[in-house]
Amino acid sequence: MNEISRRDEVSLSGAALRGAPWKAAAIGGGAVAATSFGLGVITGGGDLVWALGLGISLFALIAAIGAVSKPHEGDRVTRQARLWSLKHPWKFALLPAGIAAVLDYPVQLVLDGEGVFGSGIQALWHGALVYLIAGILTLTMRGRADTAR
């Protein structure tokens, strides 16, 4: 009976993300979005929606990977949540993917003009990519859970 509910899994993911490098994530995502849009304008194909989507996705990825990269830091609850996240990378990656999709939806809806459903599908695709990348990167850092003990 070691099964935990979905609500507890989300709580553990949130606790692991509590110590995420949010400032670095915001700066990194913003810089990539600005650079992407700027280079697009210079070359004649600037797409603000694509650049913002890329920045939001990178923001979520930096936060996720930064949160689990140092499982031995933080208070006891944060350390335990990070260890759980490293042992369950695919369950942990759901929250950063959800964050990316939720942040990307209004951008798609307002700026892209694809409508409610088209914007939702685009936001879900961005969330799915964040899920895949965050899951793989967290899986590769799984050995840090063993060294943190």
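Described below are features of the structure shown in this document. (Residues numbered from 1 in each chain as written. Predicted model: local features only at pLDDT ≥ 70, side-chain atom pairs only at ≥ 80, totals over all residues. Heavy atoms only, no water.)

## Some thoughts on the environment of Ala 15
Our working definition: Under the DSSP-based scheme used, a helix requires at least four consecutive residues in state H or I and a strand at least two consecutive residues in state E, with every element numbered from the N terminus. Note on exposure labels: buried denotes an accessible area under 20% of the residue type's maximum, exposed denotes more than 50%, and partly exposed covers the range between, all computed with a 1.4 Å probe on protein chains only. A contact between two residues is defined here by any heavy atoms of the two lying within 4.5 Å.
Position of Ala 15 relative to the elements: it lies in helix H1 (residues 6–17). Owing to a relative accessible area of 16%, Ala 15 belongs among the buried residues under this scheme. Sequence separation of Ala 15 and Arg 79 is 64 residues, and the distance between their C-alpha atoms is 8.9 Å. Contacts of Ala 15, omitting those with residues within four sequence positions, involve Thr 78 and Ala 81.

## Quick look at the side chain of Thr 138
Using the following cut-off: Two N or O atoms form a polar contact when they lie within 3.5 Å of each other; inside protein one atom must be a possible hydrogen donor and the other a possible acceptor, and for residues adjacent in sequence the pair counts only when both atoms belong to side chains.
Structurally, Thr 138 can be placed in helix H7 (residues 115–140). A relative accessible area of 0% places Thr 138 in the buried class. There is a polar contact of 2.7 Å between the side chain of Thr 138 and the backbone oxygen of Ala 134. Beyond its immediate sequence surroundings of up to four residues, Thr 138 is in contact with Ile 65, Val 68, Ser 85, Leu 86, Pro 89 and Phe 92.

## Structural notes on the nonpolar core
Put simply, the test is: Remark: nonpolar core denotes a set of buried residues (Ala, Val, Leu, Ile, Met, Phe, Trp, Tyr, Cys) joined through side-chain atoms within 4.5 Å.
With 25 residues, the main nonpolar core has Phe 92 and Val 130 as its most contacted residues. For this core, the secondary structure elements donating two or more residues are H1, helix H3 (48–68), helix H4 (76–87), helix H6 (94–112) and H7. Looking at this core element by element, the count peaks at nine residues for H3. Ignoring sequence-local partners within four residues, the contact set of Val 130 consists of Ser 57, Ala 60, Leu 61, Pro 96, Ala 97, Ala 100 and Gly 135.

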